[in-house]
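Commentary on secondary and tertiary structure
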Amino acid sequence: MIPRAIKDDIYWVGFIDWDRRLFDSLIPTPHGTTYNSYLIKGSEKTVLIDTVDFGKDEFLLNALEMAGVKKIDYIVTNHAEQDHSGSLPKILAKYPDAKIITNAKCKGLLESFLFIPEEKFIVVEDNEEISLGNKTIQFMIAPWVHWPDTMFSYLKEDKILFSCDFLGSHHATSELFVSDEKEVYLSAKRYYAEIMMPFRTMIKKHLERLDNLDIDIIAPSHGPLYNRPSFIIEAYKDWSSDSVKNQVVIPYVSMHGSTKAMVEYLSDALSKEGIEVKLFNLEIADAGELLMALVDTATIVVGASTMLVGPHPLAYYATYLVNAVRPKTRFVSVIGSYGWGGNTVEVLKGLISSLNVQLIEPVYIKGYPQDIDFKLLDKLAEEINIKHKEIGLRR
Ligand SMILES: Cc1cc2nc3c(=O)[nH]c(=O)nc-3n(C[C@H](O)[C@H](O)[C@H](O)COP(=O)(O)O)c2cc1C
């Protein structure tokens, strides 16, 4: 792909992966993605910021050739994950004088993933700077967005923040900068939900740090660049805040329709109470859409029928996933149906140990729901409404 000028002597040299449809063997990426690599030609030193995924090396090497690069002095590696570091060995082979600049944690990971030898590294500390002659890069170590090794690189004179995965999106587009904020907002929220949400506390700290930085452009390692940085910074401030929406998310599975009848009834009852409901039939749900809904929902109700004495595996999986991404959700409950016996509710409760939530009494019934069961669901909807009001949520 051709190098694209961001500012004088600063180029995007990445790869647009229009076809990528799954990331982390988990999250659908309906808009594809990009692996962003950046070239900075300083008056004295030439620097590459991150590389591209395994197997896309040729595209990066071609772009560097097109940009007339004869020598690379440094490759700044903001994060060791292979979608950014995968091409390092090929780049080092072509440009043998290049040194990798990174932090100690990232160095350790690159040594284990890519067998890069010790002497190739220059290790930097937080706030350390390197001079490229007329330009200066400042390093900001930013652990746990989303690995322990992550750092940002700030190009001081040009006010560009290379933010690594932080603030990024899986979004393939031919536009270098975000042109459709509405569309990229959703891709960035999907990305946040999967990758960043589990580290919400750290995210808040890193956002505060950015407040003190003069930023013209945010250049993440996935998705288009932001020339209106406040767009993505404000979105992250909202997502990572403590505020939740007057909303209930119901991921559910139902083999013969009993749990489904309960879910649909509860959904109507909650709507009557003025609460927004989002249903996810786990047989067909997109895991990314579910995680996006979890970003700001006040309550989650898992709908699970019993299979082989425990929760149906799809409900088990969804609950495990919810626990892993640690949304700021305040209340959780379970509804569903069994035939003769089991410990579905206990198993599901045991799966949410990482969530800081209040449990609302489950409605777990035998067979197909009857009038008495629907009344219990009415009570559950009322209870949820009371809880939402207690934390100040209103329609
Ligand atoms: C493969 C299979 C395994 C089941 N295992 C159990 C079980 O171990 N304990 C139980 O109480 N019911 C069990 N059931 C019965 C269902 O839990 C029961 O029919 C329930 O009402 C189904 O709700 P649903 O229609 O929402 O899936 C099983 C049903 C199926 C199809």
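1. Remarks on the site of the ligand
What surrounds the ligand is a group of 16 residues, the closest being M255, T259, V309, S337 and G341. The separation between an oxygen atom of the ligand and a polar main-chain atom of G257 is 3.0 Å. Contact between the ligand and V309: an oxygen atom at 2.6 Å from a main-chain N or O atom of the residue. Here the ligand, which alone exposes 640 Å², has 83% of that area covered by the protein. Breaking the shell around the ligand down by element, the ones donating at least two residues are α8 (258-272), β20 (306-307) and β22 (331-338). Class assignment for the residues of the shell around the ligand results in six nonpolar, ten polar and no charged.

2. Quick notes on the sheet that holds strand β15 (residues 160-164)
Strands sit in the order β12-β13-β14-β15-β16 across an open sheet of five strands; the sheet is mixed. Bordering the open sheet on either side are β12 (129-131) and β16 (217-220), each of which pairs with just one other strand. When the angles between neighbouring strand axes are averaged without regard to direction, this sheet yields 20 degrees. Judged from the three bridges that link them, strand β14 (residues 151-155) and β15 form a sheet pairing that is antiparallel. Looking at β15, one finds that Y154 is bridged to L161. In the packing of helix α6 (residues 200-211) onto the sheet, the strands contacted are β13 (136-141), β14 and β15, and the crossing angle to β13 comes to about 155 degrees.

3. Topic: the packing of aromatic side chains
Using the criterion set out here, one finds 14 aromatic pairs in the structure. On the basis of an interplanar angle of 80 degrees and a centroid distance of 5.3 Å, the ring pair of Y192 and Y236 is categorised as edge-to-face. On the criterion of sequence distance, the pair formed by Y192 in helix α5 (residues 181-196) and Y236 in helix α7 (residues 229-240) is long-range, its members being 44 residues apart. According to the relative accessible area criterion, Y192 is buried, its value standing at 0%. Ring centres 5.9 Å apart and planes at 45 degrees place the aromatic pair Y226 and F231 in the tilted group. Take Y226: its relative accessible area is 1%, and that puts it in the buried class.

4. Focus: the environment of I27
Looking at the element boundaries, I27 is found in strand β5 (residues 27-28). A relative accessible area of 1% means that I27 is categorised as buried. Apart from residues lying up to four places away in sequence, I27 is in contact with R21, L22, R190, E194, A287, G288 and L291.

5. Thoughts on helix α10 (residues 313-325)
Here α10 contains 13 residues, and its C-alpha end-to-end distance of 18 Å stays within 8% of the 18 Å for a straight helix at 1.5 Å per residue. Along α10, the positions that sit buried rather than exposed are A315, A318, T319, L321, V322, N323 and V325. Against α5, β17 (245-253), α9 (287-294), β19 (297-304) and α11 (344-350) lie the buried residues of α10. In the stretch just after α10, R326 is the one whose phi turns positive, near 45 degrees.

6. Focus: the nonpolar core
Residues F166, M196, L210, I232, Y236 and L294 are the most contacted members of the largest nonpolar core, which totals 57 residues. Counting residues per element, this core draws most heavily on α5, which supplies seven residues. Leaving out residues up to four positions away in the same chain, M196 has contacts with V145, H146, D165, F166, Y191, I203 and Y236. In terms of nonpolar packing, the next biggest core, distinct from the first, is built from 27 residues, V13, V69, L92 and Y95 among them.

7. Overview of the sheet that holds strand β9 (residues 74-76)
As summarised here, the arrangement of the seven strands in space is β1-β2-β7-β8-β9-β10-β11, forming an open sheet in which the pairing is mixed. Each edge of the open sheet is held by one strand with a lone partner, namely β1 (4-7) and β11 (121-123). Sheet twist, expressed as the average angle between the axes of neighbouring strands with direction ignored, equals 25 degrees.

Conventions we followed
Residues numbered from 1 in each chain as written. Predicted model: local features only at pLDDT ≥ 70, side-chain atom pairs only at ≥ 80, totals over all residues. Heavy atoms only, no water. Near = heavy atom within 4 Å. Polar contact = N/O pair within 3.5 Å; in protein donor to acceptor, adjacent residues only side chain to side chain. Areas by Shrake-Rupley, 256 points an atom, 1.4 Å probe, with all protein chains shown as cover. Helix = DSSP H or I, 4+ residues; strand = E, 2+ residues; numbered from the N terminus. Nonpolar A, V, L, I, M, F, W, Y, C, P; charged D, E, K, R; others polar. Pairing = 2+ DSSP bridges. Axes fitted to C-alpha atoms, helices over the stretch in contact; angles between N-to-C directions. Contact = heavy atoms within 4.5 Å. Phe/Tyr/Trp six-rings, centres within 6.5 Å; stacked < 30°, edge-to-face > 60°. Buried < 20%, exposed > 50% of the residue type's maximum accessible area, 1.4 Å probe, protein only. Expected span 1.5 Å × (residues − 1). Core = buried A, V, L, I, M, F, W, Y, C linked by side-chain atoms within 4.5 Å.

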